[in-house]
Amino acid sequence: MSQGNSVAETMAVNPVQSVRGVSVLLGVVCTPMALWHEGFLVFAGLCYWLACGLSWQTMSRRNRLQALVLSGIGAGAALLALLLGNTVDLSDLLKGNIALISMLVAVSFLGLVSQPDLAEGERLPTGKRSILGTLLGVHFFGAVINLSALFILGDRMSQRRSLSRAQVVALTRAFSAAAFWSPFFAAMGVALTYAPEARLSELMFSGAALAVAALVVIFFTVRRLSEHERFEGYPLRLNSLWLPSLLAVAVLVVHYLYPQLSILFIITLSAPLICLLTLLFRGKVAAPLRGHIQGRLANMTNEVVLFLSAGVFSFGLQSLLAGQGALLPFSEFNAWTAGLSYGFIMVLAVSGLHPVIGISIIGPLLMPLQPDQSMLGIIFLSSWALGSAAGPLSGMNISIQGKYGIDGMQIMRWNMPYMLGMSALVMLTLFVFERM
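Residues numbered from 1 in each chain as written. Predicted model: local features only at pLDDT ≥ 70, side-chain atom pairs only at ≥ 80, totals over all residues. Heavy atoms only, no water.

Describing the side chain of S360
Okay, step 1: With respect to the element layout, S360 can be found in helix α16 (residues 355-366).
Okay, step 2: Once residues within four sequence positions are removed from consideration, S360 is found in contact with Y194, A310, F313, S314 and L317. (Helix = DSSP H or I, 4+ residues; strand = E, 2+ residues; numbered from the N terminus. Contact = heavy atoms within 4.5 Å.)

Quick word on the layout of surface pockets
Okay, step 1: In this structure, the second largest pocket occupies an estimated 930 Å³ of space.
Okay, step 2: If you trace the second largest pocket, you find 33 residues lining it, with A99, L192, T193, S262 and L264 closest to the centre.
Okay, step 3: Among the elements of the structure, α5 (98-108), α9 (186-194), α12 (263-282) and α14 (301-321) are those that each provide at least two residues to the lining of the second largest pocket.
Okay, step 4: Across the lining of the second largest pocket, the residue classes tally to 18 nonpolar, eleven polar and four charged. (1 Å grid on protein atoms, 1.4 Å probe; cavity = no way out; pocket = protein on both sides within 12 Å on 5 of 7 lines; lining within 4 Å. Points joined across faces, edges and corners; volume = space filled by probe spheres on them. Nonpolar A, V, L, I, M, F, W, Y, C, P; charged D, E, K, R; others polar.)

Some points on empty space enclosed by the protein
Okay, step 1: Using the criterion set out here, one finds one cavity of 30 Å³ or more in the structure.
Okay, step 2: Estimated volume of the largest cavity: approximately 30 Å³.
Okay, step 3: As for the largest cavity, its lining consists of R62, A349, G352, L353, H354, P355, G387, G391, L393 and S394.
Okay, step 4: Taken together, the residues of the lining of the largest cavity break down into four nonpolar, five polar and one charged.

A few points about the packing of α5 against α12
Okay, step 1: At a closest axis distance of 8 Å, the pairing of α5 and α12 adopts a crossing angle of 25°. Here α5 lies roughly parallel to α12, going by the angle between them. Crossing angle aside, the handedness with which α5 passes α12 is left-handed. Together, A99, L100, S102, M103, A106 and V107 of α5 and L264, I267, T268, A271 and P272 of α12 make up the contact between the two elements. (Axes fitted to C-alpha atoms, helices over the stretch in contact; angles between N-to-C directions. Parallel < 35°, antiparallel > 145°, perpendicular 65-115°, else oblique. Left-handed = near helix turned anticlockwise from the far one by under 90°.)

A short note on α9
Okay, step 1: The element α9 is extensively covered by neighbouring structure, given that eight of its nine residues are classed as buried.
Okay, step 2: All buried positions along α9 are accounted for by A186, A187, M188, G189, V190, A191, L192 and Y194.
Okay, step 3: Residues of α9 that are buried in the fold lie against α5, α10 (200-225), α12, α14, α16 and α17 (373-390). (Buried < 20%, exposed > 50% of the residue type's maximum accessible area, 1.4 Å probe, protein only.)

Overview of the state of the cysteines
Okay, step 1: This structure, assessed with the given rule, holds zero disulfides.
Okay, step 2: Not part of a disulfide, C30 finds its nearest cysteine sulfur in C47, a span of 5.6 Å.
Okay, step 3: On the basis of relative accessible area, C30 is assigned to the buried category, the value being 7%. (Disulfide = S-S within 2.5 Å.)

Topic: the environment of L365
Okay, step 1: Tracing the backbone shows L365 in helix α16.
Okay, step 2: Assessed through its relative accessible area of 18%, L365 is described here as buried.
Okay, step 3: Sequence separation between L365 and Q318 is 47 residues, and the spatial gap between their C-alpha atoms is 8.1 Å.

Observations concerning the pattern of salt bridges
Okay, step 1: A complete count under the given rule lists five salt bridges for this structure.
Okay, step 2: Residue E38 is joined to K95 by a salt bridge in which the shortest nitrogen-to-oxygen separation is 2.7 Å. With E38 in the loop between α2 (15-30) and α3 (39-54) and K95 in the loop between α4 (61-83) and α5, the pair connects residues that are 57 residues apart, well separated along the chain.
Okay, step 3: In this structure, E434 engages R435 in a salt bridge whose closest nitrogen and oxygen atoms are separated by 3.3 Å. (Salt bridge = Lys/Arg side-chain N within 4 Å of Asp/Glu carboxyl O.)

Some points on the confidence of the model for the chain
Okay, step 1: Averaged over every residue, the pLDDT of the chain is 84; residues scoring 70 or more account for 89%.
Okay, step 2: The secondary structure element of the chain with the lowest average pLDDT is helix α1 (residues 4-9), at 44, and the one with the highest is α17, at 95.
Okay, step 3: Of the regions scoring below 50 in pLDDT, residues 1-11 engages in 25 contacts with residues more than four places distant in sequence or in other chains. (pLDDT = per-residue confidence, 0-100.)

Section: a nonpolar patch on the surface
Okay, step 1: A grouping of L79, L80, L82, L83, L84 and L90 is seen on the molecular surface, where their side chains present a nonpolar patch of about 600 Å² in accessible area.
Okay, step 2: You can see L83 is positioned in helix α4. (Patch = residues over 30% accessible without salt bridge, like charges linked within 9 Å, V, L, I, M, F, W, Y side chains within 5 Å. Areas by Shrake-Rupley, 256 points an atom, 1.4 Å probe, with all protein chains shown as cover.)

Comments concerning unusual backbone geometry
Okay, step 1: Within the chain, Q370 stands out as a residue other than glycine whose phi angle is a positive 50°.
Okay, step 2: Within the fold, Q370 resides in the loop between α16 and α17.
Okay, step 3: The class for Q370 is exposed, based on a relative accessible area of 72%.

Let's talk about the packing of helix α15 (residues 335-350) against α17
Helix-helix packing is described using two parameters, namely the angle between the two axes and the distance between the axes.
Okay, step 1: Relative to each other, α15 and α17 sit at 30°, their axes nearing to 9 Å. Classified by the angle their axes make, α15 and α17 are roughly parallel. Here the hand of the crossing between α15 and α17 comes out right-handed. Residues A335, A338, S341, Y342, I345, M346, A349 and V350 of α15 lie in contact with α17, whose contacting residues are M375, I379, F380, S382, S383, L386, G387 and A390.
Okay, step 2: The class makeup of the residues in the contact of α15 with α17 is twelve nonpolar, four polar and no charged.

Written as C-alpha cells, this is what we have:
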C-alpha cells in the first residue's frame, strides 16, 4: 500500500497535469541550489506560480478567494511602500515562503516509503490498547507523511461505516498534535520561516512536552467516550515506527553537526534522498516516482497557492512597516504579549482562516519588538496544532468532512473544549519558557 495513493492518482493523467507535476518538482529541486545563487530561488518561485496558474480552474473556490485577497493586499502594500519611498526588492515577491513550500513538497515523497502496515482482513482491536495504538499511529505517521496517515487509518477504521465521535476525536486531535514538534510538518516550516532565528531543539522539546500532554488528555477523553460507544482502533506495530523516528533524529543530528544549514534546507534535501535510497533498495524506482510527480505533486497546488499568497502578503506588510517601528499597543515581547498574539491567531483560525494567515499577519508586526524567536516559534506551532483541530475550515477538518461526511462545525464543537484546555497549557509553557 506504500505506493497506492500515488499510483491511483496517475490514472487519466492529462498533459497539463504532467506539466504541473514537473513544475512543482523543478521548484523543489532548484530551492537548495539557491545556496550557490539566489536566482534559483526566483526560478523556483516561478515554477510554483506556473503550477498554480495551470490548476487555477480546478482549485477550490475558497482557496482561490484567499489567494486573491492575500496576494492583492500584499502587492498593494508593496506598491504603497514604493510610493512612500521605502526600499522594495520586487524579486522578493517571488521568494516568499519558497523554502517552506519546497520543504512541504519534499516531505510528500516520504509517503512512498513510510506507510502504516495494514493486513487485509485483520480485525480491528478494541479496548484501551487500541486507543493508545490509534493515537500513537496517527500521531507519529502523521508527523512524517501528514494527511496521508489520517486517511489511511481513517479508511481502515471506518470500514465503509461512518466514523464515530470517539474515532474522529482520536484521529483529528492526535494528528494535529504532531504540529507541536514535528520538523516534517508544515507548521515547523512556517515557524522557522517567520521566526528564522528560533532554535530547533527548543521548539522540538517544548513542543514534544505539549504533544505528550495532548496525547494524555486525548487518551482519557476517548476512553470516556468509548464507554458509550464501541471504539475500534488501529492495530499499531511498533516496528513500523522506525522510519519516522530515524528521520526526526537524523534532522537533529545533521543540524547539530552543520548549524549553518537551515532546517528547511536539511529536510528538503534529506526527505527525497531517503525516499530514493529506500526505493532503490526495494528495486522499484521509476514507476513510484512517476506516479508521485504526476499525482501527488500535480495536486498540491491548493496548498502551494495558499503559502505563495501568504508570502506575498507578508512581504508587502514587511515592506510597508519598514522603518515604522512597533505598531502594536505594547512595547516589549514577553509571555503576556506572546499569549495575546497566540489568542489573535486562534480567533482567526476558529473563524475559518488558515493559521498561516494569522501567522503571516502577526509575525511582521512583532519583529520590531525584537522577540525571543524561540518563544515566537512556540506560539506559531501551538496555534497551528490547536487551530487545525478546532477550526471548522482547516484543511484537516474539510478533508474529514469531504471524505467521511462529518460536518466541520460538528468537529469544531467536539474539539473546542480540548482547544481551550490545551491553550491554558500553552500559556503555562510560555511563562515557564520566559523564566528559563
